[in-house]
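# Reading the structure
Read off the chains here:
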Amino acid sequence: MSELADTAAPRPPLCPFCGFVCSNLGLERTEGGFRVQGVICPAGRAGFEFPPGDDQALVDGAPVAQADAIDRAAAILGAARLPVFGGLGADVDGLRAVVDLADRTGGVVDHAASDGLMRNTRVVQDTGWIVTTLTEVRNRADLILLVGRDFLPRFPQFLDRCAPTVGRLAADGPPAIFRLGPPADTVQDRVATVACPADGLVSAVAALHLAAQGRAMPPVAGVDPAALAALASRLAAAHYAVIGWHAGDFADPWAALLVETIADLLRQLTLTTRAAGLPFGGASNLIGANQVTTWQAGLPLRLSFATGVPVHDPILFSAARLLAAGEADALFWVAALEDTVPPPGVPTIVLGRPGGQAGRRATVFLPVGTPGLDYPGQVFRMDGVVALGLDAQRPSALPDAASVVRAIASRLVLAGARA
Amino acid sequence: MTVTRLSGGRVFDPANGVEGDIRDLFLRDGLIIADPGPGARFGAHFDLSGCAVMAGGIDMHSHIAGGKVNIARMMMVDDHRRYRDPRDRHRRSGSGHCSPSTFATGYRYAELGYTAVFEPAMLGANARHAHAELADIPMLDRGCYVLLGNDEHFLEILSDGADPRRLADYVGWTIAATQAVGVKIVNPGGIFSFKHNRRSLGFDDEIPVYGLTPRRILTALAEAVRATGIVHPLHVHCNDLGVPGNRDTTIATIRAAADAGVPLHLTHLQFHSYGTDGDRHFSSAAASIAELVNASPNITVDIGQIVFGQTITASGDTMSQYRGRIHAHPKTWLCMDIECDAGCGLVPFRYRDTSFVNALQWAIGLELFLLIEDPWRIFLTTDHPNGGPFTAYPHLIRLLMDRSFRRDMLKTINPDAAAATVLGGIGREYSLQEIAILTRAGPARVLGLKDRGHLGAGARADIAAYRDDAADRQAMFERPAHVFKDGRAVVRDGRLIETVWGSTLVASPAFDRAAIERHLAPWFERYATVPLRHYPVADDEITRAPHGRLERV
């Protein structure tokens, strides 16, 4: 027996645009694009149904041969004192190539959606946590508590995939589902809301932690004490409670503290029962970008190679901060998945989807295909464990991000000490 | 193609019965060839006189890639701030001492003369990630053992009447789907039980839901692995890791294998050889364990020797890692339940020579090395990074080869631990030939690598030449004079001179695919969050990576 993967028969498509990596989708080919059938979030629909655009390389807005655009990109990077590699919306191999290029050019690496990830990473580094993954939640959770504003509209397959009413290994019924957070516009039948203003979430979760210790719960402004006490009892009684959050939704200054407070609560519950966290997020292969950076450099996002060695700092090496502060002098932006727009201010090289917003103001625009639509690739799910192999869904002449990045690297002439 | 001649070295090639003879080696097209005879012309010539020449080192148990290793890197920011490697002409930049980045891992192993390393705890759910990381480890051939035995599909088949054919088909399918070269079980039933809030699990305790015992799970899986026809026997991380008195569990495990007539590999045996004697109720059980291993030809072991200093423990054994969280240094730890498949736990740890327990762990590992008689059935490991980083191997080799050095070290550890070990009374010193068995020939044999771990004609030209230094074996093994990978000179005087790329080694199990997929399809449909057809890692996902190469053993 050799390999098990069938490459002959087409597999059902996977959605590569966020960390939930939905399946159960149908793709209907249309003039130049796709129409999605099935339950899908707005970002996924936008990604699949992206209108066709001109796959023409541009320099300063004018059409050029791809080789000339690559040379210009290499020249910009070669002359830069501190290039920033941002966006990072690409498959694993594209990210490999970007991190290598950043290592060569002494650049900084950051992802367009990393704000929430940094909050989570700091908690992993400072205290650690107890977490779980989607299949575990589906089959084992008897209570799910979502913390923060309602993010389920962005994960519309969550209830079916992770809290089904049938199809669980656990013999008991489906889990009870609560959300602690500001009231939502639309209410999900199965989700009971414990209303809590956004700036009261730290206090409310800390109160749940006190209750889990058997201590009195102090009042939390804007939260019904009886509802919070009932939630505390349910958490204590659950055999496998799962607390989910989307750290990208949290607001500073309390965002990181809220993640840490959730981690404290999970540790406390685990002294007597089982409980685990489920961090939501992972837009445009954010988790893949973090994984590739971590294994190649030994340190996670956000990361700098500017001193010749990898240095990690979640605040200093924010792409947005470096650009706003005028510390960076070139931007290399990859948007092969979601059409994210680069921050303005410096000469910018964009690898993006033809016709997208990402390349509108770029100094150099290089069109690339999208993994899972135009070429095969790998992306990570939000739990950081499962990576999935994506198939091409159409014949495409567009290059993959990795090939373009490597072509730029091969044309690079470095100035000064790094030469 | 031209022939390369390596002349004048003392060759230690135990697989071919060569011990220290001075002879020339000839390389062509990445392989070792027979002496081409007089008149042959050589494209290159390396003078290895004064060197001990061995096959490239093979580390059969080292956590170098995959989910938990990458979490370790994220957590160990201080360690990665202290140990940073700049990019240079041959290397990518990197960082980390106990959980180094992928490129740094490859370079450092090569600079110690190693040419193949095996990641021993790949979760099926994480296989695609593990292989993506391995693809970024240069210099080495590499492979993975896939975890089974805490996954609910296996437990369900076993509790449903345990058709051995179906178990074997499932194991074979999993090996193929995850591109593994072996199968490992971690704390049989224990990772699963921790998800049901069990905090310990003895060898004959029943797990929740399925009512199976670790004994039953272990023996059934060992038989299923054998039935697939792969060479490496079931690789076992026993129950009760780190628990004083766990020698009883280890002995019961070895006896269960004998009763079932199956071979086992017991990994990081040091962590499973503890008694309860003495005031502190923690003692060495190495002598009794070694005696049983010596009498059990179906058992191979690696040690998981500890090294004093900072490291991070990374394990699939969530039950044991959760227990160990109170010893975390620095004070951060992480546990994860994974995909009804397994789990992982990360606990940073600092082994102190002033600690009675740590010092005795150090002594227990060395006692096992010295009391287990057959070098073909014992392999040199620190269970990197759990006992300490692999870069300590030259130091450990000196401890094994030099009893006066060993006794000097013994004087520096916690005196109560020194008094509690028989180590000072053991005179055995390993020979260079035995080191070549421990670190090359033995691992190749237990993994079924026919063309690695030896220097006969037809073998891969993976070769390490160490300048002989009887006075300081550590210095000798820290800095090989030459290392060749697939016939190319890649290291000189302990420094990398060229980056090359090895193969991913995978097994070729026998199983009935159609039969098992009939059962897997509805199971995936009902319980999994990944479609069945997206689970297997395709060959071209490995070969499409830059420098990707796949080799079936």
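Let me begin by describing the structure that accompanies this report. What you see as residue numbers is a count from 1 along each chain, following the sequence as written. By the order in which they are written, chains take letters starting at A while ligands take numbers starting at 1. Only residues with pLDDT of 70 or above have their local features reported here, since the model is predicted, and side-chain atom pairs are shown and tallied only from 80 upward, although totals for entire chains, interfaces and linings are computed over all residues. To obtain the side-chain values, all non-hydrogen atoms of the structure were included, while hydrogens and water were left out.

### Observations concerning the pattern of salt bridges
All names here are of chain B. For clarity, the cut-off: The term salt bridge refers to a side-chain nitrogen of Lys or Arg lying within 4 Å of a carboxyl oxygen of Asp or Glu. Each residue's exposure class comes from its accessible area (1.4 Å probe, protein chains only) as a fraction of the maximum for that residue type: buried when under 20%, exposed when over 50%, partly exposed otherwise. Only DSSP runs of H or I reaching four residues or more are called helices, and only runs of E reaching two or more are called strands; each is numbered from the N terminus.
Using the criterion set out here, one finds 64 salt bridges over all chains in the structure. Across the salt bridge formed by Asp21 and Arg23, the nearest N and O atoms sit 3.4 Å from each other. Judged by its relative accessible area of 33%, Asp21 falls in the partly exposed class. With a closest N to O distance of 3.0 Å, Arg108 and Asp85 form a salt bridge. Separated by 23 residues along the polypeptide, Arg108 in helix H3 (residues 102-111) and Asp85 in strand S7 (residues 84-85) bring together distant segments of the chain. Taken together, the salt bridges that share partners define one network made up of Asp141, Asp451, Arg452, Arg460, Asp462, Lys485, Asp486, Arg549 and Glu551.

### Some points on the nonpolar core
We count it as follows: The definition of a nonpolar core used throughout is a set of buried Ala, Val, Leu, Ile, Met, Phe, Trp, Tyr and Cys residues joined through side-chain atoms within 4.5 Å. Throughout, a residue-residue contact means that at least one pair of heavy atoms, one from each residue, lies within 4.5 Å.
With 184 residues, the main nonpolar core has Phe158(A), Trp173(B), Val183(B), Leu234(B) and Phe369(B) as its most contacted residues. Among the elements that make up this core, the one with the highest residue count is helix H12 (residues 356-371) of chain B (ten residues). Setting aside its immediate chain neighbours within four residues, Leu234(B) contacts Val183(B), Lys184(B), Ile185(B), Leu218(B), Leu221(B), Ala222(B), Val225(B), Pro263(B), Leu264(B) and His265(B). Counting residues in each nonpolar core, the second largest holds 67 residues, with Val21(A), Ala207(A), Trp245(A) and Leu390(A) among its members.

### Observations regarding the interface of chain A and chain B
Filter applied, for reference: As used in this structure description, the phrase polar contact means that two N or O atoms lie within 3.5 Å; if the pair is within protein, one of them must be able to donate a hydrogen and the other to accept it, and residues adjacent in sequence are counted only when both atoms belong to side chains.
If you look at the interface, chain A gives 76 residues, while chain B gives 75 residues. Between chain A and chain B we count nine salt bridges in total. Arg92(B) is the salt-bridge partner of Asp103(A), the closest N and O atoms lying 2.9 Å from each other. Counting every contact that joins chain A to chain B gives 53 residue pairs in polar contact (both at pLDDT 80 or more).

### Comments concerning the layout of surface pockets
Residues and elements named next belong to chain B. Convention followed: A cavity here means a set of points on a 1 Å grid, drawn over the protein atoms and nothing else, where a 1.4 Å probe fits but cannot get out; a pocket is an open set with protein on both sides within 12 Å along at least five of seven lines, and a residue lines either one if it has an atom within 4 Å of a point. Grid points are joined across faces, edges and corners, and a volume is the space filled by probe spheres set on the points. Gly is put with the polar residues, along with every residue not named as nonpolar or charged; the nonpolar set is Ala, Val, Leu, Ile, Met, Phe, Trp, Tyr, Cys and Pro, and the charged set is Asp, Glu, Lys and Arg.
If you add up the space inside the second largest pocket, you get close to 610 Å³. Only strand S17 (309-315), helix H11 (318-324), strand S19 (342-351) and H12 provide two or more residues apiece to the lining of the second largest pocket. Considering each element in turn, the lining of the second largest pocket owes the most residues, four residues, to H11. Taken together, the residues that form the lining of the second largest pocket break down as 13 nonpolar, 14 polar and three charged.

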